Amino acid sequence: MNEQIKYYFIVNKWAGAHHSAQTWERLHQLLVQNAVNFERVVTKYPQHATQLAQEIADLHPQDWVIVAIGGDGTLLEVLNGVRRSKNTVPIGYIPAGSGNDFARQSASPLIHTQPYSN
């Protein structure tokens, strides 16, 4: 049975002087408008993204994509969490921190490194 892919967003609302919280609000509207299947959690303390990513990877190894919204630190925590899991799951990244060094240095045409605006 081929289920719809579900996105699990891990949002660090403190990243980028709250830029990631603003980014999430705009993204949330798009997800709802397009009937995308998703869940969202906001990190509450250091290393929380690591714990959340590992838990979701352990529980849902198929048909889920974990998406980090924040800065380089948030991405690193999510990567560490997935690395600790016994499963392999895809990871997405929406750079919304103050530096976004990873996004700038990866030079991928699929990565948008400038803030989104209305």
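Concerning helix 2 (residues 48-59)
Right, on to step 1. Counted at 1.5 Å a residue, the expected span for helix 2 with its 12 residues is 16 Å, and the 17 Å between its end C-alpha atoms agrees.
Right, on to step 2. Of all the residues in helix 2, the buried ones are His48, Ala49, Thr50, Leu52, Ala53, Ile56 and Ala57.
Right, on to step 3. Residues of helix 2 that are buried sit in contact with strand 1 (6-11), strand 2 (38-42), strand 3 (64-70) and helix 3 (72-84).

As for unusual backbone geometry
Right, on to step 1. We note that alanine 35 has phi near 55°; this positive angle belongs to a residue other than glycine.
Right, on to step 2. The residue alanine 35 is located in the loop between helix 1 (15-33) and strand 2 in this model.
Right, on to step 3. Among the residues examined, alanine 35 registers a relative accessible area of 60% and is labelled exposed.
Right, on to step 4. Backbone geometry at aspartate 63 places phi at a positive 65°, although glycine is not the residue there.
Right, on to step 5. Residue classification places aspartate 63 among the partly exposed positions, given a relative accessible area of 28%.

Re the side chain of asparagine 87
Right, on to step 1. With respect to the helices and strands, the residue asparagine 87 is situated in the loop between helix 3 and strand 4 (91-95).
Right, on to step 2. Relative accessible area serves as the criterion here: at 18%, asparagine 87 is assigned to the buried category.
Right, on to step 3. One polar contact links the side chain of asparagine 87 to the main-chain carbonyl oxygen of alanine 57, over a distance of 2.9 Å.
Right, on to step 4. Excluding anything up to four places from it in sequence, asparagine 87 contacts Ala57, Asp58, Pro61 and Val82.

Digging into the confidence of the model for the chain
Right, on to step 1. On average, residues of the chain score 82 in pLDDT, and 77% of them reach the 70 mark or higher.
Right, on to step 2. Within the chain, no element has a lower average pLDDT than helix 4 (residues 101-106), which sits at 57, and none a higher one than helix 2, at 95.
Right, on to step 3. Predicted confidence is poor over residues 110-118, with pLDDT under 50, and the contacts of this stretch with residues over four places away or in other chains come to 10 contacts.

As for the pattern of salt bridges
Right, on to step 1. Under the counting rule described, the total for this entry stands at one salt bridge.
Right, on to step 2. The salt bridge involving glutamate 39 is made with lysine 6; its shortest N-O contact spans 2.9 Å. Remark: lysine 6 occurs in strand 1 and glutamate 39 occurs in strand 2; sequence separation between them is 33 residues.

Cut-offs used in this document
Residues numbered from 1 in each chain as written. Predicted model: local features only at pLDDT ≥ 70, side-chain atom pairs only at ≥ 80, totals over all residues. Heavy atoms only, no water. Helix = DSSP H or I, 4+ residues; strand = E, 2+ residues; numbered from the N terminus. Expected span 1.5 Å × (residues − 1). Buried < 20%, exposed > 50% of the residue type's maximum accessible area, 1.4 Å probe, protein only. Contact = heavy atoms within 4.5 Å. Polar contact = N/O pair within 3.5 Å; in protein donor to acceptor, adjacent residues only side chain to side chain. pLDDT = per-residue confidence, 0-100. Salt bridge = Lys/Arg side-chain N within 4 Å of Asp/Glu carboxyl O.

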